[in-house]
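# Observations on the model geometry
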Amino acid sequence: MAIAGLRLVGRIALLGCALGCVARHPGRVTVVPGCYALYADDWPAPAAIETGLSSLPSYIALDTTAAGPRGRRVIVPSTWEPADPNRRSAYWRVGDAGTASLVLNFLGPSGDFTAALQPFDDGYMGEGIGLSRGGARWPPQVNVSLVPTTCAGLVPGAHDTVP
């Protein structure tokens, strides 16, 4: 009877490990290109200082056009950070294997902000962190969500596209 009990415990442990391994390795996220309203916590002063961006855009379009090694381009409104477009840009990509996330990168003149978003209802939700040009991470984390919306006023053009 003791051997049968040990076998049962062993099988339960094996089943638990199998379920845990599946839970730790989710599939890749499916990203739906299109227009999204972008909601973020109040953009903290450290974020503005570290990135050189006074805010994140209020809406974006996830485009399928490749933008080099950073991923795919994000179309932003011309009213977002209307200064030199070469000093600010945004990209998206699918997270590395096992993360099942949409990764948004906002590059400012003095630092970057990256948000890893998980699928939620028909949009995406997650948190972002900053990285200074020197490589240091800066707090605090910022909650970010994308909600599908129309593309009214967001047309690719000389001022609305990311190089």
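Let me sum up the structure you'll find in this document. Here the structure is a predicted model, which means the values were calculated and not measured. (Residues numbered from 1 in each chain as written. Predicted model: local features only at pLDDT ≥ 70, side-chain atom pairs only at ≥ 80, totals over all residues. Heavy atoms only, no water.)

### Regarding the overall build of the protein chain
Tallying secondary structure elements over the protein chain gives two helices and eight strands in all. Shown N-terminal to C-terminal, the secondary structure of the protein chain runs as helices and strands in the order α-β-α-β-β-β-β-β-β-β. Within the protein chain, the fraction of its 163 residues that count as buried is 38%. (Helix = DSSP H or I, 4+ residues; strand = E, 2+ residues; numbered from the N terminus. Buried < 20%, exposed > 50% of the residue type's maximum accessible area, 1.4 Å probe, protein only.)

### Some points on the state of the cysteines
According to the stated counting rule, one finds one disulfide in the structure shown. The disulfide partner of Cys-35 is Cys-151, and the gap between their sulfur atoms is 1.4 Å. When the S-S torsion is 90°, as for the bridge of Cys-35 with Cys-151, the disulfide is right-handed. Linking Cys-35 in strand 1 (residues 34–40) with Cys-151 in the segment after strand 8 (137–148), this pair joins segments that are 116 residues apart in sequence. With a relative accessible area of 6%, Cys-35 lands in the buried category. Taking relative accessible area as the criterion, Cys-151 reaches 39% and is therefore assigned partly exposed. (Disulfide = S-S within 2.5 Å.)

### Here's the deal with the nonpolar core
Counting residues in hydrophobic clusters, the biggest one holds 25 residues, and the most contacted among them are Ile-60, Leu-62, Leu-104, Phe-106 and Leu-146. Non-local contacts of Phe-106, meaning those with residues more than four positions away in its chain, are made with Leu-38, Leu-53, Leu-56, Pro-57, Trp-80, Ser-89, Ala-90, Gly-111, Asp-112 and Phe-113. (Core = buried A, V, L, I, M, F, W, Y, C linked by side-chain atoms within 4.5 Å. Contact = heavy atoms within 4.5 Å.)

### Some points on the packing of aromatic side chains
Taken as a whole, this structure holds two aromatic pairs when the rule is applied. For the pair Tyr-36 and Tyr-124, a centre-to-centre distance of 5.9 Å together with 65° between the ring planes defines the contact as edge-to-face. Residue Tyr-36 is found in strand 1, and its partner Tyr-124 is found in strand 7 (residues 123–132); the two are separated by 88 residues along the sequence. Like Tyr-124, Tyr-36 is buried. The interplanar angle of 80° and the centroid separation of 5.0 Å between the aromatic rings of Trp-43 and Phe-113 together place this pair among those described as edge-to-face. Here Trp-43 is found in the loop between strand 1 and helix 2 (45–51), whereas its partner Phe-113 is found in strand 6 (residues 111–120), with 70 residues between them in sequence. (Phe/Tyr/Trp six-rings, centres within 6.5 Å; stacked < 30°, edge-to-face > 60°.)

### Some thoughts on the pattern of salt bridges
Taken as a whole and assessed by the stated rule, the structure comprises one salt bridge. For Asp-63, the salt bridge goes to Arg-73, with nearest N and O atoms at 2.2 Å. With Asp-63 in strand 2 (residues 59–66) and Arg-73 in strand 3 (residues 72–75), the pair connects residues that are 10 residues apart, well separated along the chain. For the pair shown, Asp-63 and Arg-73 are each scored as buried. (Salt bridge = Lys/Arg side-chain N within 4 Å of Asp/Glu carboxyl O.)

### Topic: the pairing of strand 5 (residues 102–107)
Of all six residues making up strand 5, six are buried, and the element is well covered by its neighbours. Where burial is concerned, the two faces of strand 5 agree: the one with Leu-102, Leu-104 and Phe-106 and the one with Val-103, Asn-105 and Leu-107 are both buried. The sheet contact formed by strand 4 (residues 89–94) and strand 5 spans six bridges and is antiparallel. Within strand 5, the position partnered with Tyr-91 by the bridge is Asn-105. (Pairing = 2+ DSSP bridges.)

### Structural notes on the environment of Thr-114
Relative to the assigned elements, Thr-114 resides in strand 6. Looking at Thr-114, the relative accessible area reads 28%, which means it is partly exposed. C-alpha separation for the pair Thr-114 and Glu-127, spaced 13 residues apart in sequence, amounts to 8.4 Å. For Thr-114, the residues in contact, after removing those within four places along its chain, are Val-103, Leu-104, Asn-105, Glu-127, Gly-128 and Ile-129. A polar contact of 2.7 Å, which involves the side chain of Thr-114, links it to the side chain of Asn-105. (Polar contact = N/O pair within 3.5 Å; in protein donor to acceptor, adjacent residues only side chain to side chain.)

Take it as geometry only, folks, not as evidence of what the structure does.
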